[in-house]
Amino acid sequence: MGDHDLFGPSQKKFQQKNRQWRKGNLKFTSQKRSKTLQAVTTDAPTERISSNIRNGPLANYVPLFVMLQLGVITRENEFLEEDKLEKQLKELRKAGVDGVMVDVWWGIIEGKGPKQYDWSSYRKLFQLVQKCGLRIQAIMSFHQCGGNIGDAVYIPIPEWVLSVGEKNPDIFYTNRSGNRNQEYVSLGVDNLPLFQGRTAIEMYSDYMKSFRENMSDFLEDETIIDIEVGLGPAGELRYPSYPETQGWKFPGIGEFQCYDKYLKQDFKTAAAKAGHPEWELPDDAGTYNDTPVKTGFFATNGTYLTEKGKFFLKWYSNKLIEHGDQILDEANKIFQGYRVRLAAKVSGIHWWYTDDSHACELTSGYYNLKGRDGYRPIARMISRHYGTLNFTCMEMRNSEQSAEAKCAPEQLVQQVLSAGWTENIDVAGENALPRYDRKAYNQILLNVRPNGVNENGQPKHKMAGVTYLRLTDELLERKNFRIFKSFVKKMHADQDYCRDITDLAPLQRSKARIPIDELLEATKPMKPFRGTKKRI
């Protein structure tokens, strides 16, 4: 099968679906919010692109980045395979790839002690990427590597933080059975000075300030164009509700992670303030590998539909949004004025999506139900920081998933894209699992430009970028890489590589804090994209 048959027999179907989407005229709820013209969407970072690009075929170009290996810098803070990586990066550049994404691990950089930062190996890595003509998406990885799907190496959070946890294990997320999760520090201690006089937020802020100071040359010459701020396990804004290290297996519903003493007290205070001091945290939500019907909380007419259950879920999800808002505000202050995107990642929890309870979304902190949008409030929060929402599972199709687990990744992706664009922010995406096949690439392309290509200029909607997971020897195998190169070309709307597309204007300072009641106005559900049912 030749490259001209991009993604083989499915190409005709792909074109037909794109025509359906173009006829669909996507509609989004209008918002009386800031209307300053910027980029694709109102509260997105301004793209410095010329009118001839904006009004021509290049306006359909969507940048493609590739994630580097998780352990490209070792746990010992060494850059070992420089020659091999250089060859790989040159191949990516020849293929037209726009840049690479790299985890900048907190556990490596500040591993020796508080404020003892060592950026030397990452500087070598960034110099190599710069030399190869690629741009960088840098993740502020405040989480542990290891214990999540696809983790091939182990890099813990700093040992000195873990030692604090040995004396005070309540700094970590905790399930109802008392199991602690050391992947990420609990949001319950965000503002408590438990870390040798610093709060968790201050630790994250100090780290990002040091990154800015030590990487200022790469920021100033626009080699670094994206700062993705880690906000939870796997770098995602969520609770660690489905940890493989504690026995979770797909498609388990997961468990709530708010039973450390700090979050327990926070909930009791909130319940008392609401006039219900007798309310306790859920005791009927099951265990990691249960199904919704096996629990009292998620079953038909379960606790989640009661006044008490709704109060808990609102509190649980609001705490997560407040956590993300605080850290993104710090990041915005630090990187304000640089020509970068500020991004936050949201997890694609597609299992139990068509179950009334959306169980695993709820345990992860996404209060998303048929009559309540759990993603638009997050998008609205991100909008005040001129941020980008980065979403996963862009490659997944319903037909590939378990029917018993009531999976619906296609509808989930459409809901989140709709949420981001309705709130006037850019949305980027990733594939959740490694894929090298045409079907996966076709699905990403369908999501990237839901109305298809507009030959006369800017499409009605398009994603701000996609990051492919990940750079491996397997990707570079002859057949796989040939298909991948065709995918890159289609991401670019059949246009040649254009570095100018990824140029940005300086990041603006965050707007005023949005009151929680105004954020929650965004829970009002929207109609899905037209044509949604045709794509199942």
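Sequence order as written defines the numbering, with residues in each chain counted from 1. Only residues with pLDDT of 70 or above have their local features reported here, since the model is predicted, and side-chain atom pairs are shown and tallied only from 80 upward, although totals for entire chains, interfaces and linings are computed over all residues. Excluded from the side-chain calculation are hydrogens and water; included are all heavy atoms of the structure.

Caption draft 1: Inspection of the nonpolar core at higher detail. Take the buried residues of types Ala, Val, Leu, Ile, Met, Phe, Trp, Tyr and Cys, join any two whose side-chain atoms come within 4.5 Å, and each joined set is a nonpolar core. Burial classes follow relative accessibility: with a 1.4 Å probe on protein chains only, a residue under 20% of its type's maximum area counts as buried, one over 50% as exposed, and anything between as partly exposed. With 147 residues, the main nonpolar core has Val104, Tyr122, Leu125, Phe126, Phe211 and Phe484 as its most contacted residues. Among the elements that make up this core, the one with the highest residue count is helix α10 (residues 307–335) (11 residues). We call two residues contacting when some pair of their heavy atoms lies within 4.5 Å. Dropping the residues within four chain positions of it, valine 104 is found in contact with Ile109, Trp119, Tyr122, Phe126, Ala138, Ile139, Met140, Ser141, Tyr207 and Phe211. If you look at the next biggest cluster of nonpolar residues, it comprises 5 residues, including Ile53, Leu58, Tyr61 and Ile501. Secondary structure elements follow DSSP: runs of H or I of four or more residues count as helices, runs of E of two or more count as strands, with numbering from the N terminus.

Caption draft 2: Spatial organisation of helix α15 (residues 478–491). Here the expected length of a helix is defined as 1.5 Å per residue gap, with one fewer gap than residues. For α15, spanning 14 residues, the distance from its first C-alpha to its last is 20 Å, which sits close to the expected 20 Å at 1.5 Å a residue. All buried positions along α15 are accounted for by Asn480, Phe481, Ile483, Phe484, Ser486, Phe487, Val488 and Met491. Positive phi shows up at alanine 493, right after α15, with a value of about 55 degrees.

Caption draft 3: Highlighting the pattern of salt bridges. By salt bridge we mean one thing: a side-chain nitrogen of Lys or Arg within 4 Å of a carboxyl oxygen of Asp or Glu. According to the stated counting rule, one finds 34 salt bridges in the structure shown. Across the pair lysine 115 and aspartate 206 runs a salt bridge, and its minimum N-O distance is 3.9 Å. With lysine 115 in the loop between α4 (106–109) and α5 (120–131) and aspartate 206 in helix α7 (residues 200–214), this pair connects stretches of sequence that are 91 residues apart. Linking aspartate 170 and arginine 180 is a salt bridge whose minimum nitrogen-to-oxygen distance equals 3.0 Å. Taken as a pair, aspartate 170 in the loop between α6 (159–167) and β4 (172–174) and arginine 180 in strand β5 (residues 180–185) lie far apart in primary sequence, 10 residues in all. Since its relative accessible area comes to 11%, aspartate 170 is described here as buried. Ionic contacts of the salt-bridge type, sharing partners, join the residues Asp325, Asp329, Arg384, Arg509 and Arg513 into one network.

Caption draft 4: Geometry of α5. Between the first and last C-alpha of α5 there are 17 Å, a value that for 12 residues agrees with the 16 Å anticipated at 1.5 Å per step. What α5 keeps buried is the set Ser121, Tyr122, Leu125, Phe126, Leu128 and Val129. Projected down its long axis, α5 carries its buried residues within an arc of 155 degrees, all on one side. Just past α5, the residue glycine 133 takes up positive phi, approximately 80 degrees. By definition, the arc is the one covered by directions from the helix axis to the C-beta atoms.

Caption draft 5: Structural context of the side chain of asparagine 318. Position of asparagine 318 relative to the elements: it lies in helix α10. Residues contacting asparagine 318, with those up to four places away along its chain left out, are Ile516 and Leu520.

Caption draft 6: How the structure looks around the sheet that holds strand β3 (residues 135–141). One requirement defines pairing of two strands: DSSP has to find at least two bridges between them. Strand order around the closed barrel formed by 8 strands is β1-β2-β3-β6-β7-β8-β9-β10, with parallel pairing between neighbours. Mean inter-strand twist for the sheet, computed between neighbouring axes without regard to direction, equals 30 degrees. Inspection of the sheet shows strand β1 (residues 64–67) paired to strand β2 (residues 99–105) by 3 bridges, in the parallel sense. Pairing of phenylalanine 65 across the sheet is with glycine 99, part of β2. Orientation is described by lines fitted to C-alpha atoms, with helices fitted over the stretch in contact, and by angles between N-to-C directions that extend from 0 to 180 degrees. Of the strands in this sheet, β8 (387–391) and β9 (426–430) touch helix α13 (residues 409–422), which is tilted by about 180 degrees from β8.

Caption draft 7: Main features of the environment of methionine 67. Among the structural elements, methionine 67 can be located in strand β1. Sequence separation between methionine 67 and valine 102 is 35 residues; the distance between their C-alpha atoms is 6.0 Å.

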